[in-house]
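# An overview of the molecular structure
If you want the building blocks of each chain, they are given just below.
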Amino acid sequence: MRISLTRRAVGVGLLATPMLARAQPRRTLRLVVPFPPGGAVDSLGRILAERLAPVLDQQVVVDNRSGAGGLIGADTVAKAAPDGTTLGIIGAATFCAAPVLQANMPFSVARDLLPVTQITDSAVLIVVNAARAAERGWTDFAALLAWARNNPGKLQIAHSGPATVSHLTLSAIAKLGGVEITQVPYRGGAQAATDVLAGTIDGTADLPSTVLPHIAAGTMKALVASSATRLQLLSSIPAMGEMPGALSGLNVRSWNMMTLPAGTQAAEVARLHAALLRVGTEDSFRAALRPLAYEPVTSDSPEAAARLVAEETPRWKALVVMSGASVQ
């Protein structure tokens, strides 16, 4: 009988060996989160830090470096020492859209960042004030678009700022749907949600975690997810692929990638990939992400993670061009 071990099995086995874990004291691992405390990505970072520490037998601390739609945090990772002590959660928009939108990037995505593994997948939700939806007959997304066509510029939908995934999604919807939407930029989803609830604006385009409590309470109505197919954790919300006409071709998935500075030694990359694979496939991790509506997804190897970025970049570039989005 022939027995073979995959790289994944070997990596996990090494992590589980106490003698190897104690052989050399390790410096604290800094987990860079490119958004402020309290949001979904910050929550993801803290969930990961709590679970990675015992697996790595190493202290893991969250370092919030927010600003510029995630670029400040990404820049922190890109310019950190490649010694395995800095790991970042970098989103799809930073990897794939920012290089198209930003004329003067402070770092090179291709040269300075090393993808280790995808860790989550999600999509943008278009939600509206529930009372206003009832008043105006917004029973579904098609009804909202019909109302917007009959009332050009009167539909006010928030997004999380220029070049964010919510901005790109909303801009693409307006163009593909042939509607005029007044887009209202906010610094974050929480304030936008507050204004939607107050009726100051009609709705918002945001990741699920910010709006889920309001959807559950019945104060917001979710009309569509930006993905081609329905999200597993939100299967009652229609997907963009179900919409009529050109909108059915829109597919925006907002994933997060665990990332190291380029040049990190292969042994450290393998060690961290094995730890993330172990944590990312645990049932407890999936359960912890459920309130955030993140679906846990891991890459079989850092090479597979890099391929995802390469495959997604042309799609995001097309989205930027199609949406007409720009950074002022």
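Refer to the preceding data block for the structure.
Residues numbered from 1 in each chain as written. Predicted model: local features only at pLDDT ≥ 70, side-chain atom pairs only at ≥ 80, totals over all residues. Heavy atoms only, no water.

What follows is about the environment of Ala-217. In this fold, Ala-217 is placed in helix α11 (residues 208–217). The sequence separation of Ala-217 and Gly-280 amounts to 63 residues, and the corresponding C-alpha distance is 30 Å. (Helix = DSSP H or I, 4+ residues; strand = E, 2+ residues; numbered from the N terminus.)

Sheet architecture is open: five strands sit in the order β7-β6-β8-β5-β9, paired in mixed fashion. Since the sheet does not close on itself, it has two edges, and those belong to β7 (181–185) and β9 (220–225), each with one partner. Strand-to-strand twist across the sheet, computed as the mean angle between neighbouring axes with direction ignored, equals 30°. For strand β5 (residues 125–129) and strand β8 (residues 203–206), the ladder comprises four bridges, and the chain directions are antiparallel. Paired with Val-127 across the two strands is Thr-204, which belongs to β8. Against the sheet, helix α9 (residues 165–177) contacts β5, β6 (155–159), β7 and β8, and its axis sits at roughly 175° relative to β7. On the sheet, helix α10 (residues 189–198) packs against β5, β6, β8 and β9 and is oriented at approximately 155° with respect to β8. (Pairing = 2+ DSSP bridges. Axes fitted to C-alpha atoms, helices over the stretch in contact; angles between N-to-C directions. Contact = heavy atoms within 4.5 Å.)

Ranked by size, the top nonpolar core spans 82 residues in total, and within it Leu-48, Leu-52, Phe-95, Phe-141, Ile-173, Trp-255 and Trp-316 carry the most contacts. The element best represented in this core is helix α3 (residues 40–56), accounting for nine residues. Those residues in contact with Trp-255 that lie beyond four places of it in its chain are Ile-90, Gly-91, Ala-92, Phe-95, Cys-96, Gln-118, Thr-120, Asp-121, Leu-308, Val-309, Glu-312 and Trp-316. Val-127, Met-220, Ala-225 and Ala-293 belong to the second-largest nonpolar core, a separate cluster that totals 18 residues. (Core = buried A, V, L, I, M, F, W, Y, C linked by side-chain atoms within 4.5 Å. Buried < 20%, exposed > 50% of the residue type's maximum accessible area, 1.4 Å probe, protein only.)

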